[in-house]
Amino acid sequence: MSDTQRIAENLKTVQSALPESVLLVAVSKTHPAEAIEAAYACGHRHFGENKVQEMVDKAAELPKDICWHLIGHLQRNKVKYIIDFVHLIHGVDSEKLLAEINKRAEQAERRVDILLQVHIAEEESKFGFGIEELTNWLTAEVVSKYPAVRIRGLMGMATFTDDEGQIKTEFGRLHDCFQALKKGLFSEDIHFDTLSMGMSGDYPNAVECGSTLVRVGSKIFGAREYK
Ligand SMILES: *Cc1c(COP(=O)(O)O)cnc(C)c1O
């Protein structure tokens, strides 16, 4: 089987096991443009990258109707490079970054969709707001300060572990936080609709816990080689 065929098969396998209401973002980081083209040829349009430069280079080379998701940590000084074309920024983890995205979006005369990243894992190294920190900080006043940004929902990563109980507890917490915001602060906002959780190793659990968007890389494109 060629790489193209393998990607098409994997994509079909992952997609067919997902409820229709869950969006599949194919995480193409470190893989070449040809890998994306293989999935694109199957009709897939949502791709995720975690590095700004890599996403900019691929977007320049690939079809314009691709929806690019920035899933990794975003530095403020790099927002300007993606503001014109990014579909959804998943990793917004500070008000400073939110303010920078708002400023650049205003300059670009567009409204940019973002997710607030929440830290749910036990590992220390991952980015994101604590749940309590987020709910204390996020008010109608904060939301109204950044009119060029549209907060679409939350994103989080569970601990990298085989313990499914722990994974479900963590995803469950994020889902509860999402629901509380949806029923509270965002109850008038139909666009607060996205809960990004689940990767190759844990997306079935994430879907069970109410995920609306999964970010799946290696299950579709194969293992990554880091240079
Ligand atoms: C790399 C990455 C993924 C995809 O990881 P896989 O395990 O290959 O599916 C998902 N989300 C984020 C934030 C990532 O950095």
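This write-up is about the structure you can find in this document.

Reading the values: the criteria
- Residues numbered from 1 in each chain as written.
- Predicted model: local features only at pLDDT ≥ 70, side-chain atom pairs only at ≥ 80, totals over all residues.
- Heavy atoms only, no water.
- Buried < 20%, exposed > 50% of the residue type's maximum accessible area, 1.4 Å probe, protein only.
- Helix = DSSP H or I, 4+ residues; strand = E, 2+ residues; numbered from the N terminus.
- Pairing = 2+ DSSP bridges.
- Core = buried A, V, L, I, M, F, W, Y, C linked by side-chain atoms within 4.5 Å.
- Contact = heavy atoms within 4.5 Å.
- Expected span 1.5 Å × (residues − 1).
- Arc of directions from axis to C-beta.

Every second residue of strand β8 (residues 213-216) is oriented toward a common face, with L213 and R215 on one face and V214 and V216 on the other, all of them buried. Summarising the sheet, strand β1 (residues 23-27) and β8 pair through four bridges and their orientation is parallel. In the strand pairing of β8, L23 is matched with L213.

In this structure, I101, I114, L116 and L154 are the most contacted members of the largest nonpolar core, which totals 66 residues. Discounting chain neighbours no more than four positions away, the residues touching L116 are H90, V92, F129, L134, W137, L138, I151, G153, L154 and M155. V25, L88, L115 and M155 belong to the second largest nonpolar core, which has five residues in total.

Attention shifts here to helix α8 (residues 164-183). In an α-helix, one turn spans 3.6 residues; hence positions three or four apart end up facing the same way. The first and last C-alpha atoms of α8 sit 28 Å apart over 20 residues, in line with the 28 Å expected at 1.5 Å per residue. Considered for burial, the residues of α8 that qualify are Q166, I167, E170, F171, L174, C177, F178 and L181. The arc that holds every buried residue of α8, seen down its axis, measures 130°, which confines them to one face. Exposed residues pointing more than 90 degrees away from the buried face of α8 are listed as D176 and K183.

By themselves these figures say nothing about function.
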